[in-house]
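Here's the letter readout for the chains.
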Amino acid sequence: MKRRNFIGQTAKGALAFTIIPRSVLGGNGFVAPSDRINLGYIGTGKQSYGLVNAINGPKETLVLAACDVYEKKLEHFIGLAQKANEKKVATDVKGYKHYRELLDRKDIDAVVIATPDHWHAQIAIDAAKAGKDIYCEKPLALTIAEGRAMVNATRKYKRVFQTGSMQRSSFNFRQAAELVANGYIGKISEINVSVGEPVKQCDLPTEPVPDGLDWDLWIGPSLYRGFNKILAPPLEAKEWAWWRGYRDFGGGYITDWGAHMFDIVQWALGMDNSGPVQFIPPKEPGAKNGLSFVYANGIKVNHKNWGEGNAIQFLGDKGKIEVSRGFIRSNPENLASLKFKTSDKRLYFSDNHYQDWVDAIKKRSKPICDVETGHRTASVCNAVNIAYELQKDLKWDPAKEAFDNPYANIMRSRPYRGAWDFNKF
């Protein structure tokens, strides 16, 4: 054998030993570095504690960075994230105060947004511009205009976006939605949804800002107001932060739990790309429930306490289905555990909301609760709040995303403070 041929054959043999198939690397939970999905977490309050373990469940994910304006919460989360990483590869997690520094990192593939709602749009749109895939907690957006911008930015930059409406990935709600979709309780006449009260104006007194909290950056794009620990509790607080209840930061229980329960209504009725056409609020000033909204096919959804908290009651002319996270009940009784026929219509199947997102990232496909789906559900929630606040019957065009009332149309968006602008993408 000539020397040149010998070297060539030897090089080929060495290559055969050094290139290991991905199928081998993937054994025993090991993932090749090139197949890792490196994550950055933006917002490290209570919600992030469960997310870091759940999203670290898929073998592909690893946390590289985290961001929060509250130093103690950021430090606590970094400890949790590094413990989660140790189950795979011991990796340090770097902390940032400003999320744009995190987005500047080229080694971050995707972000998990678990901030208060008033930050969702600006951060998600900036993340899309930075080329990151996105998991964003529900409700998707604080306003209807923000939600549409989030959809448009996601599509423009070809990102994979999962909304955190994880009830779609659980048996109870999928079973209920498929029973309704296939007519197992006949024609739906009404749906009752119990989710708590609408948003209200923030009337909290101003308190001293605690050490380690950048309050101006916590407020971000919203109109400025003084600090109160109810809006941003300390790390050791057992209660959840109640920024959720106040205009400019959240949407009350209407968005907090409505983003879960109204979402299942939308799913069951096949309205993921549409929505109701009319909102009818109660006539009593300050009412906390009693609003109804109506779809074009005449199905009426009532926001009311029907006897169970955070639950849905579907009423048909041949039976009913009641569902929550803790139960699914039906009349006839056998429907709750019914095995569907091959001829039945089946909805998108996911039994793990986080693995579903990871799989969609790998396939570059839409996950079970794509940004458009999250936007349409958030739009229902936000329209409900608008109708409660205006105390006016409102007609809604789901295609144009517009009301028949000029004041309601103004409330589809909100002013942004300083240089923040969610429309720059």
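No experiment lies behind these values; they were computed from the predicted model shown.

A few words on the UniProt feature "domain: Gfo/Idh/MocA-like oxidoreductase bacterial type C-terminal" (unreviewed entry) in the protein chain. Those places that UniProt annotates as "domain: Gfo/Idh/MocA-like oxidoreductase bacterial type C-terminal" (unreviewed entry) correspond, in this numbering, to residues 201–421. The span residues 201–421 is 26% helix and 14% strand, and its two end C-alpha atoms sit 23 Å from each other.

So, on to the pairing of strand β4 (residues 110–113). Along β4, one buried face is formed by A110 and V112 and the opposite face, lined by V111 and I113, is buried too. Taken together, the 4 bridges between strand β1 (residues 37–42) and β4 define a ladder with parallel strand orientation. Counterpart to Y41 in the pairing with β4 is V112. Relative to strand β5 (residues 133–136), β4 runs parallel, the two sharing 4 bridges.

By the burial criterion, the buried members of helix α12 (residues 353–363) are H353, Y354, D356, W357, V358, A360 and I361. Against the buried residues of α12 lie β1, α3 (46–55), β2 (61–67), β4, β5 and β6 (161–163). Where α12 begins, the capping side chain belongs to N352, and its oxygen is found 3.0 Å from the backbone nitrogen of Y354. Within two residues after α12, R364 carries a phi angle of roughly 55°, on the positive side.

Further remarks concern empty space enclosed by the protein. This structure, assessed with the given rule, holds 1 cavity of 30 Å³ or more. Its volume calculated, the largest cavity comes out at about 40 Å³. Lining the largest cavity, in full, are S274, P276, F279, R376, S379, V380, A383 and W396. Looking at which element gives the most residues to the lining of the largest cavity, the answer is helix α13 (residues 371–390), with 4 residues.

Next up on the list: the layout of surface pockets. Quantified by volume, the largest pocket comes out at close to 850 Å³. As for the largest pocket, its lining consists of 47 residues, and the residues nearest its centre are Q47, A114, T115, W243 and R244. Residue assignment for the lining of the largest pocket shows that the elements contributing at least two residues are α3, α6 (120–129), α9 (215–219) and α10 (252–256). Of all the elements, α3 adds the most residues to the lining of the largest pocket, at 4 residues. For the lining of the largest pocket, the per-class residue count stands at 26 nonpolar, 10 polar and 11 charged.

In this section: the nonpolar core. One finds I191, V193, F262, F293, I312 and F314 to be the most contacted residues of the largest nonpolar core, which totals 49 residues. Elements supplying a minimum of two residues to this core: α8 (171–181), β7 (188–194), α11 (258–268), β11 (311–316), β12 (319–323), α13 and β14 (394–397). Tallying contributions element by element places α13 first for this core, with 7 residues. Among all residues touching I191, those that are not within four sequence positions of it are V265, L269, I299, K300, V301, N302, I312, Q313 and F314.

Moving on to the packing of aromatic side chains. Aromatic ring pairs are reported here in terms of the distance separating the ring centres and the angle at which the planes meet. Here the structure, examined in full by the defined rule, presents 16 aromatic pairs. Taking the centre distance of 4.9 Å and the plane angle of 90° together, the rings of W119 and W420 count as edge-to-face. Remark: W420 occurs in the segment after α14 (406–410) and W119 occurs in the loop between β4 and α6; sequence separation between them is 301 residues. Judged by its relative accessible area of 6%, W119 is buried. Arranged with centres 4.5 Å apart and planes meeting at 10°, the rings of W215 and W218 form a pair that is stacked. With W215 and W218 both in helix α9 and 3 residues apart, this pair spans about one turn of that helix. As far as the burial class goes, W215 and W218 line up, both buried. One aromatic cluster is present, formed by W215, W218, F227 and F249 through successive ring pairs. It is K94 that lies over the ring of Y96; its NZ or CZ is 5.4 Å from the centre. Of note, R329 hangs over the ring of F327, and the distance from its end group to the ring centre comes to 3.9 Å.

Counted at 1.5 Å a residue, the expected span for helix α4 (residues 71–86) with its 16 residues is 22 Å, and the 23 Å between its end C-alpha atoms agrees. Among the residues making up α4, those that are buried are K73, L74, F77, I78, A81, A84 and N85. On an axial view of α4, the arc spanned by its buried residues comes to 135°, and they lie on one face. In α4, the exposed positions angled more than 90 degrees off the buried face are occupied by K72, E75, K83 and E86.

Cross-referencing UniProt, the feature "domain: Gfo/Idh/MocA-like oxidoreductase N-terminal" (unreviewed entry) maps to residues 37–164 in the present numbering. In residues 37–164, the share of helix is 42% and the share of strand is 21%. The end C-alpha atoms are 18 Å apart.

Most of β1 sits out of view: 6 of its 6 residues are buried. In the sheet, β1 pairs with β2 via 6 bridges, with the strands oriented parallel. Residue pairing in the sheet places I37 in a bridge with T61 of β2. Note that the unit made of β1, α3 and β2 has a crossover that is right-handed.

As a further point, take the environment of S330. Inspection of the secondary structure puts S330 in strand β13 (residues 328–331). The sequence separation of S330 and W243 amounts to 87 residues, and the corresponding C-alpha distance is 36 Å. The residues touching S330, leaving out its near neighbours within four places in the chain, are K320, I321, L335 and A336. At a separation of 3.1 Å, a polar atom in the side chain of S330 contacts the main-chain carbonyl oxygen of E333.

The rules behind the values
- Starting from 1, residues in each chain are numbered consecutively following that chain's sequence as written.
- Restriction of local features to residues with pLDDT of at least 70 applies here, the model being predicted, together with a cutoff of 80 or more for giving and counting side-chain atom pairs; totals for whole chains, interfaces and linings are based on all residues.
- Just so you know, side-chain values use all the structure's heavy atoms and leave hydrogens and water out.
- UniProt positions are given in the numbering used here, feature names are shortened, and annotations may be inferred rather than shown by experiment.
- Put simply, DSSP marks the helices as runs of H or I at least four residues long and the strands as runs of E at least two long, and each gets a number from the N terminus on.
- Throughout this description, buried means an accessible area under 20% of the type-specific maximum (1.4 Å probe, protein chains only), exposed means over 50%, and partly exposed covers the range between.
- Two strands qualify as a pair provided that DSSP identifies no fewer than 2 bridges between them.
- Contacts: residue pairs with any heavy atoms within 4.5 Å of one another.
- We call two N or O atoms a polar contact when they sit within 3.5 Å, provided that within protein one can donate a hydrogen and the other can accept it, with sequence-adjacent residues counted only if both atoms are side-chain atoms.
- The pocket and cavity definitions rest on a 1 Å grid over protein atoms only: a 1.4 Å probe that fits but cannot leave marks a cavity, an open set with protein on both sides within 12 Å along at least five of seven lines marks a pocket, and residues lining either have an atom within 4 Å of a point.
- Grid points are joined across faces, edges and corners, and a volume is the space filled by probe spheres set on the points.
- Each residue is assigned to one of three groups, with Ala, Val, Leu, Ile, Met, Phe, Trp, Tyr, Cys and Pro labelled nonpolar, Asp, Glu, Lys and Arg labelled charged, and all others, Gly among them, labelled polar.
- Put simply, a nonpolar core is a bunch of buried Ala, Val, Leu, Ile, Met, Phe, Trp, Tyr and Cys residues held in one set by side-chain atoms that sit within 4.5 Å of each other.
- For this analysis, a ring pair means two rings from Phe, Tyr or Trp (six-membered ring only for Trp) whose centres lie within 6.5 Å, classed as stacked if their planes differ by under 30 degrees, edge-to-face if by over 60, and tilted for the remaining angles.
- Any Lys NZ or Arg CZ that is within 6 Å of a ring centre and within 35 degrees of that ring's normal is treated as a charge sitting over the ring.
- Each helix should span, by expectation, one fewer than its residue count multiplied by 1.5 Å.
- Arc definition: directions from the helix axis to the C-beta atoms.
- Look down the strands so they point away from you; if the path from the first strand over the helix to the second goes clockwise, the crossover is right-handed.

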